[in-house]
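A look at the structure
Take a look at the letters that make up each chain.
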Amino acid sequence: MSWSETLRTALEAISARRLRSVLTTLGILIGIAAVMLTVGLGQGAQQTVRDQIGKLGSNLLIVSPGSSTTSGLRGGRGSASTLTTRDATMLSDPSVAPDIAALAPVSTSSQSVVAGTTNWTTQVVGTTPSWFPVRSRTTTDGRFFTSAEESAAAQVAVIGTTTATELFGRRSPVGQTITIDGSAYSVIGVLDSIGSSTTSDEDDTVVIPGTTYAARLTSTGNAASISTLYLKATSQQSLSAAYQEAHAALLVSHGVTAASADFTIASQESLVATATSTDRTLTILLAGIAAISLLVGGIGVMNIMLVSVTERIREIGLRKALGATPRAVRRQFLTEASALGLAGGVLGLALGYAGARLLPSLIDQPVTIEPYVAAGALLISVAIGIGAGVYPATRAARLAPIDALRSE
Amino acid sequence: MSASWGSQILRLTEVSKTYATGSLEVAALREVSFTVEAGEYLAIMGPSGSGKSTLMHILGCLDVPTSGVYELAGQDVTGLSEAELAEIRNARIGFVFQQFNLLPTLSAWRNVALPLCYSGTPAAERRERAVAALERVGLGDRIDHRPGELSGGQQQRVAIARALVTDPSLLLADEPTGNLDSASTEDVLRLLDELNDSGRTIALITHEADVAARARRTLRIRDGRLEDLVTSGVGA
């Protein structure tokens, strides 16, 4: 019997029992849609985190000071002031770290910023002009501060769009004056808007020269201390080399071993991995539950196929009498089962995509359905159909024609 | 048929069939031997339980004998695999059942074309041959009707068309008129007569004497044994 004839026979058998076929398909449909949506939710969440961390810049390594131990009390990460501008100067030397293209030492603190009669508490960042290329930022209005302004400790500031709106409303901030901790700064530029990263609103910030920051906003007296050092590798490929170089150089200059390192270096990838590990566990759990529903759907297909074989025992006997080989009978029932599975898969796919469109507006979570997940879902649905059909089809194929013909 | 084998369509040599039900062995056929020539019209008669259904199953290659040799169109079919038997049934035998056994969801011509699906006949040729077979049984105007839209006699004629469509060596009819009223019975029997007149070999299993009387030769079976050979009608 040709494949087209087998397929036609299978489709006719399915459509002859329409309600039952629809109900059978429903099990697979729900399972496929559930798997797609849970995987899609997980991937959507990962994508969000990836995007947010991507906003930090590209090919980035982030060096943070390690924890300090004072009188036996161990502070949290970043509590020690072990990272200094000297580290930055050392790592900027190409002979020490040839794979680091640029770096930006950053000191941050939360400060109250005043403009006229308005005040706004925001993150003030003291850094070098290299911060802009390292963090892949540009200005939409005005300009960055220059190296000359940095070495002169000029009182200039570049502000984020959120800060600009909060302080100046719709007025153009460039040329205006803001006051931070009693010192006046003139606003020379507005940063491009990139939205929120994992930790903060990247548009709510004031960037000033690091020298100015050290001179005017450092109360600890440790002017050289920095809170974060951003390193930009020369390329994606040299990222791990840059990591090795920075790690080794910092260990030597701080006079510590790897075990007692007073700093940590994170890459964007490691940040993504950390940020998504919880999500991933949850996704696997949910996808597991969805997979169980798929399995139950498969059992439903098998059940119906067994009923179908029993009901059509005379038809099987007749087909055998007319010359159907056991192989042809098996193939017919397998085709029928896989067609049921595929139908469930296709409908489940449609439901999954519909859910992916609808769900984000309901639960405020992005759902990303990758093409390979959709293709995989289809393959799985067919595999379930075939898997569920093997036993019933074999039973049909093994029926003795006379027993099959005799039954009423 | 091949010349070396003469005109014999089938030959049974001491064919026996025993069924084991638990510890009990039931002999359904005991050393049955006979031959059928090409173009014969043979009736096999016997009361229920006589073994005529078992004989019909063996003749139709639906079952295999426990011992003895069954040759169909020159080929020994004892010891063939299920798949090989299926091919023999498809190519050599046309079945007509008491219950018609038409598939209710298929139109008349697709029911008739069913055996051709299993012989790998191209689709266009299947329809052509099915329609020709339906015309042969006088149902050329019913090709697209489903079995439910046809009378019992018409359904049995569709079944006969299905049995003829592969041009088999043997037409095997098992109580073909058992479910029909007398008018339809006459229709079907006349059709079988015509087919035999045009050279078709027919074996008909029945328990009705007036149906058996249409055949040229009657085998009586009782308790699994052939009783005697009775020749009736024009004689063969």
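Rules used in this analysis
- Residues numbered from 1 in each chain as written.
- Chains lettered and ligands numbered in written order.
- Predicted model: local features only at pLDDT ≥ 70, side-chain atom pairs only at ≥ 80, totals over all residues.
- Heavy atoms only, no water.
- Helix = DSSP H or I, 4+ residues; strand = E, 2+ residues; numbered from the N terminus.
- Rg over C-alpha atoms; globule rule 2.2 N^0.38 Å.
- Contact = heavy atoms within 4.5 Å.
- Areas by Shrake-Rupley, 256 points an atom, 1.4 Å probe, with all protein chains shown as cover.
- Lys, Arg positive; Asp, Glu negative; His and termini not counted.
- Charge placed at Lys NZ, Arg CZ, Asp CG, Glu CD.
- Buried < 20%, exposed > 50% of the residue type's maximum accessible area, 1.4 Å probe, protein only.
- Pairing = 2+ DSSP bridges.
- Axes fitted to C-alpha atoms, helices over the stretch in contact; angles between N-to-C directions.
- UniProt positions renumbered as here; feature names shortened; annotations may be inferred.
- Domains from an automatic or database assignment.
- Left-handed = near helix turned anticlockwise from the far one by under 90°.
- Nonpolar A, V, L, I, M, F, W, Y, C, P; charged D, E, K, R; others polar.
- 1 Å grid on protein atoms, 1.4 Å probe; cavity = no way out; pocket = protein on both sides within 12 Å on 5 of 7 lines; lining within 4 Å.
- Points joined across faces, edges and corners; volume = space filled by probe spheres on them.
- Buried area = accessible area lost by both parts, 1.4 Å probe.
- Salt bridge = Lys/Arg side-chain N within 4 Å of Asp/Glu carboxyl O.
- Polar contact = N/O pair within 3.5 Å; in protein donor to acceptor, adjacent residues only side chain to side chain.
- pLDDT = per-residue confidence, 0-100.

With that settled, consider the overall build of chain A. Helix and strand counts for chain A come out as 13 helices and 12 strands. For chain A, whose C-alpha radius of gyration is 33 Å, the value lies well above the compact-globule estimate of 22 Å for 408 residues. Considering only C-alpha atoms, chain A reaches an extent of 105 × 50 × 40 Å along its principal axes. The contacts of chain A with a sequence gap of at least 6 include a subset with a gap of at least 24, amounting to 76%. For chain A, the exposed surface amounts to about 18,800 Å²; the carbon and sulfur share of it is 60%. One finds the centroid of the 28 positive side-chain charges in chain A at a distance of 15 Å from the centroid of its 27 negative side-chain charges.

What follows covers the pairing of strand E8 (residues 202-206) of chain B. All names here are of chain B. By the criterion of burial, E8 is predominantly enclosed, with 5 of the 5 residues buried. What you see with E8 is no split at all: Ile202, Leu204 and Thr206 on one side and Ala203 and Ile205 on the other are buried throughout. Direction of pairing for strand E3 (residues 41-45) relative to E8: parallel, over a ladder of 5 bridges. Of the residues in E8, the one forming a bridge with Ile44 is Ile205. Judged from the 4 bridges that link them, strand E7 (residues 170-174) and E8 form a sheet pairing that is parallel.

Take the sheet that holds strand E4 (residues 67-72) of chain B next. Residue and element names in this part refer to chain B. Reading across the sheet, the 4 strands line up as E2-E1-E4-E5 and stay open at both edges, with antiparallel pairing between neighbours. Lying at the two open borders of the sheet, with one neighbouring strand each, are strand E2 (24-37) and strand E5 (75-76). Bridging between strand E1 (residues 8-21) and E4 involves 5 bridges; their strand directions are antiparallel. Following the sheet pairing, Ser16 is matched in E4 by Ser67. Helix H1 (residues 52-59) rests against E1, E2 and E4 of the sheet, and its axis sits at about 125 degrees to E1.

Turning next to the UniProt feature "domain: ABC3 transporter permease C-terminal" (unreviewed entry) in chain A. Residues annotated in UniProt with the feature "domain: ABC3 transporter permease C-terminal" (unreviewed entry) correspond here to residues 289-400 of chain A. The span residues 289-400 of chain A is 88% helical and 0% strand by assignment, and the distance between its end C-alpha atoms comes to 41 Å.

With that settled, consider the domain arrangement of chain A. By domain assignment, chain A separates into domain 1 (3-52 + 276-406) and domain 2 (81-261). Just the C-alpha atoms count here: the centres of domain 1 of chain A and domain 2 of chain A sit 55 Å apart.

All names here are of chain B. Running from N to C, helix H3 (residues 108-117) and helix H5 (residues 152-164) point in directions that differ by 35 degrees, and their axes come no closer than 7 Å. Between H3 and H5 lies a crossing whose hand is right-handed. Seen from H3, the contacting residues are Ala108, Asn111, Val112 and Pro115; seen from H5, they are Val158, Ala161 and Arg162. Class assignment for the residues of the contact of H3 with H5 results in 5 nonpolar, 1 polar and 1 charged.

The next thing to look at is the layout of surface pockets. What the second largest pocket holds in volume is close to 530 Å³. Lining the second largest pocket are 22 residues, with A:Arg406, B:Ser53, B:His57, B:Gln98 and B:Asp174 positioned closest to its centre. Mapped onto the lining of the second largest pocket, the elements with two or more residues apiece are helix H13 (401-406) of chain A together with H1 of chain B. With 5 residues, H1(B) is the largest single contributor of residues to the lining of the second largest pocket.

In this complex, chain B contributes 22 residues to the contact, which on the side of chain A involves 25 residues. Surface buried jointly by chain B and chain A totals about 2,200 Å² across both partners, of which 59% is contributed by carbon and sulfur atoms. If you sort the residues of chain B by the area they bury against chain A, B:Glu82, B:Arg110 and B:Tyr118 come out on top, with a joint share of 30%. On inspection of chain B and its partner chain A, the count reaches 4 salt bridges. Put simply, A:Glu5 and B:Arg126 hold a salt bridge, and the shortest N to O gap is 2.8 Å. Seen at the junction of chain B and chain A, the total is 6 residue pairs in polar contact (both at pLDDT 80 or more). When contributions to the side of chain B that touches chain A are tallied by element, the ones reaching two or more residues are helix H2 (82-92) and H3 of chain B. The element best represented in the side of chain B that touches chain A is H2(B), accounting for 5 residues. In terms of residue class, the side of chain B that touches chain A is made up of 11 nonpolar, 5 polar and 6 charged.

Considering the arrangement of structural elements, one finds A:Ala258 in the loop between helix H8 (239-254) and strand E12 (263-267). Put simply, A:Ala258 and A:Ala396 are 138 residues apart on the chain and 68 Å apart in space, counted from C-alpha to C-alpha.

Evaluated as defined, the whole model comprises 26 salt bridges over all chains. Between A:Asp203 and A:Arg137 there is a salt bridge whose closest N-O contact spans 3.7 Å. Here A:Asp203 is found in the loop between strand E9 (183-191) and strand E10 (205-209), whereas its partner A:Arg137 is found in the loop between helix H4 (131-134) and strand E6 (139-142), with 66 residues between them in sequence. When sorted by exposure, A:Asp203 lands in the same class as A:Arg137, which is buried. What you see here is one network of salt bridges that share partners, running through A:Glu5, A:Arg8, A:Glu12, B:Arg110 and B:Arg126.

Residue and element names in this part refer to chain B. Residue-level pLDDT values for chain B average 88, and 94% of them are 70 or greater. For chain B, strand E10 (residues 225-231) is the element with the lowest average pLDDT, namely 69, and H3 is the one with the highest, namely 94. Here residues 1-5 is modelled with pLDDT under 50, and outside its nearest four sequence neighbours on either side it reaches 10 contacts, counting other chains as well. Note on residues 232-236: pLDDT under 50 across the span, and 5 contacts to partners over four residues away in sequence or across chains.

Turn by turn, an α-helix covers 3.6 residues, leaving residues three or four places apart pointing in a common direction. A large share of H1(B) lies buried, amounting to 7 of its 8 residues. Listed as buried for H1(B) are B:Lys52, B:Thr54, B:Leu55, B:Met56, B:His57, B:Ile58 and B:Leu59.

Vacant regions in the atomic arrangement are exposed by a probe of water-molecule size rolled over the atoms. The full count for this structure, using the stated rule, is 2 cavities of 30 Å³ or more. Lining the largest cavity, in full, are A:Ala13, A:Ile14, A:Arg17, A:Arg20, A:Ser21, A:Ile304, A:Met305, A:Ser308, A:Arg312, A:Glu336 and A:Leu340. Elements that contribute at least two residues to the lining of the largest cavity include exactly helix H1 (3-16), helix H2 (18-54), helix H9 (268-311) and helix H11 (326-363) of chain A. Of the residues forming the lining of the largest cavity, the biggest block, 3 residues, is contributed by H9(A). Taken together, the residues of the lining of the largest cavity sort by class into 5 nonpolar, 2 polar and 4 charged. The calculated volume of the second largest cavity comes to roughly 40 Å³. Looking at the second largest cavity, the residues that line it are A:Leu322, B:Arg89, B:Asn90, B:Ile93, B:Gly94, B:Phe95, B:Pro115, B:Arg162, B:Ala163 and B:Thr166. Contributions of two or more residues to the lining of the second largest cavity are made by H2, strand E6 (93-96) and H5 of chain B. Among the elements that line the lining of the second largest cavity, the one with the most residues is E6(B), at 3 residues.

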